[in-house]
Amino acid sequence: SLNRVQQQRLGLFAELRQQLGALTVELGGRYDFHRSQMADPMVGSAVPAMVANLAQQVSQNNTALRNETGDIVLRMWSDHGAVKPRLTLAFKQRVPNAVERHSWMPTEASGGLADGNIYVGDANLRPEKAWIGEAGVDVVQGALRWRPSIFYRRIDDYVQGVPVPDSMMAVQMIAGMNGDTTPLIFANVDAQLYGADMDAALDLGGPWQLQGTLSYVRGKRRDIADNLYRMAPLNGRISLHWTKDDVSLSGELVGAAAQRKVSRANDELGSPSWLIGNLWAELRVNPSFSLALGVENLWDQRAADHLSGINRVTGSDVAVGQRVPMAGRSANVRLNIRL
């Protein structure tokens, strides 16, 4: 379904940093020329006539695709010792990849989504255009260090799978014969994403330190009243570290909230919350040799991340159409040798 795809990108970029009193300013820009082409589809004599006809239609309209894209980024920050505010404004573009543009045969190839859907591409896809704003501050308050940030992205021509239209009857029928009566086609939609991130560290005195991260993103379509497809829910981790001389111990909790804000247009399934624990220990014998031990998913939690792939294999203990769970309890030993 992807016959000898070739992609080229030729670009130029420039960066400038300027100190304006206490304010540091960075300005960067780039301009790219893109070319993408696929050789005409090849099918064997035993291929059903409907597939052969579809391949012929693609060959009749198969031409090289050319695009020009530009990015510009403005970053500003000011260092006031314990507080460092920062701001980023940007305009960025992304050219659709080979799978999104050139996949003519309805298959489960999805460019990494592994969501169990059958997809086709669209050679007429336009590059994504994103207007980005991000603001944050780095704060040091005694033993506490934390970095909260908020962001917003308005994206025109966001590339996402949408139901194949009835006008593409051959694609629908071929996908139906392969077990998916609701195939998707990569299309341009309008979207927005906003959310917040934070990482923090707290020195508890002596050998103890507490660290954590938290991330939340909300994705919505602007062209219809729906959520964006495959958006991660609120998630984070918190870890406690003990370090003394050549020994270090760490315990960690990693988890995610339930995701209920899913895409109705794509019949996306929600996902439950989950929480797992991990433990690590490391002994540094000398500067050239260390031994590390670890146990992950300590209480053997059966959990699946919202963005995990969808199982397509029959005969396993994971039902077809269910998310592939993360690994169960596991232990590892690592030797580090520096010569």
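Computed from a predicted structure; not experimentally measured.

1. So, the side chain of Glu100
So, step 1. Among the secondary structure elements, Glu100 is positioned in helix H2 (residues 98–102).
So, step 2. Accessibility expressed as a relative area gives 9% for Glu100, which makes it buried.

2. Topic: the environment of Thr88
So, step 1. Summarising the element assignment, Thr88 is placed in strand E4 (residues 83–94).
So, step 2. The spatial distance from the C-alpha of Thr88 to the C-alpha of Gly28 is 11 Å, given a sequence separation of 60 residues.
So, step 3. Among all residues touching Thr88, those that are not within four sequence positions of it are Val73, Leu74, Arg75, Ile132, Gly133 and Glu134.

3. Observations concerning the pattern of salt bridges
So, step 1. Across all of its chains, the model carries 18 salt bridges by this definition.
So, step 2. Across the pair Asp138 and Arg86 runs a salt bridge, and its minimum N-O distance is 2.8 Å. Here Arg86 lies in strand E4 and Asp138 lies in strand E6 (residues 128–141), a separation of 52 residues in the sequence. Grouping residues by exposure puts Asp138 and Arg86 together as buried.
So, step 3. Linking Arg145 and Asp203 is a salt bridge whose minimum nitrogen-to-oxygen distance equals 3.4 Å.

4. Focus: the nonpolar core
So, step 1. Counting 25 residues, the largest nonpolar core has Trp104, Tyr158, Leu193 and Leu228 as its most contacted members.
So, step 2. Element by element, the count of residues in this core is highest for strand E8 (residues 184–205), at 5 residues.
So, step 3. Setting aside anything within four residues of it in sequence, one finds Tyr158 in contact with Glu128, Ala187, Asn188, Val189, Ala191, Leu228 and Met231.
So, step 4. Grouped together as the second largest cluster of nonpolar side chains are 7 residues, Tyr119, Leu125, Val159 and Tyr229 included.

5. Observations concerning the pairing of E6
So, step 1. The sheet contact formed by E4 and E6 spans 12 bridges and is antiparallel. Looking at the pairing, Phe91 lines up with Trp131 of E6.
So, step 2. The pairing of E6 with strand E7 (residues 144–163) spans 11 bridges and is antiparallel. Looking at E7, one finds that Gly136 is bridged to Ser149.
So, step 3. Where E6 folds back on E7, the antiparallel hairpin that results is connected by 2 residues, among which Gly142 adopts a positive phi of roughly 65 degrees.

6. Considerations on the packing of aromatic side chains
So, step 1. On inspection of all chains with the given rule, the structure shows 3 aromatic pairs.
So, step 2. Both rings, one in Tyr31 and one in Phe33, keep their centres 5.4 Å apart while their planes meet at 70 degrees; by these two values the pair is edge-to-face.
So, step 3. Exposure remark for Tyr31: the relative accessible area of 36% places this residue in the partly exposed category.

7. Describing the environment of Ala175
So, step 1. Locating Ala175 in the fold gives a position in helix H3 (residues 169–177).
So, step 2. A relative accessible area of 0% means that Ala175 is categorised as buried.
So, step 3. Between the C-alpha atoms of Ala175 and Ser110, which are 65 residues apart in sequence, the distance is 14 Å.
So, step 4. Not counting residues up to four positions away in its chain, the partners in contact with Ala175 are Pro106, Ile118, Asp180 and Pro183.

8. Some words on a nonpolar patch on the surface
So, step 1. On the surface, Ile238, Leu253, Leu275, Leu279, Leu298 and Trp299 cluster together into a nonpolar patch covering about 510 Å² of accessible area.
So, step 2. Among the secondary structure elements, Leu298 is positioned in the loop between strand E13 (289–296) and strand E14 (330–337).

9. Quick word on helix H1 (residues 49–60)
So, step 1. An ideal rise of 1.5 Å per residue puts 16 Å on 12 residues; H1 measures up with 17 Å between its terminal C-alpha atoms.
So, step 2. Against H3 lie the buried residues of H1.

Rules and cut-offs
- Residues numbered from 1 in each chain as written.
- Predicted model: local features only at pLDDT ≥ 70, side-chain atom pairs only at ≥ 80, totals over all residues.
- Heavy atoms only, no water.
- Helix = DSSP H or I, 4+ residues; strand = E, 2+ residues; numbered from the N terminus.
- Buried < 20%, exposed > 50% of the residue type's maximum accessible area, 1.4 Å probe, protein only.
- Contact = heavy atoms within 4.5 Å.
- Salt bridge = Lys/Arg side-chain N within 4 Å of Asp/Glu carboxyl O.
- Core = buried A, V, L, I, M, F, W, Y, C linked by side-chain atoms within 4.5 Å.
- Pairing = 2+ DSSP bridges.
- Phe/Tyr/Trp six-rings, centres within 6.5 Å; stacked < 30°, edge-to-face > 60°.
- Patch = residues over 30% accessible without salt bridge, like charges linked within 9 Å, V, L, I, M, F, W, Y side chains within 5 Å.
- Areas by Shrake-Rupley, 256 points an atom, 1.4 Å probe, with all protein chains shown as cover.
- Expected span 1.5 Å × (residues − 1).

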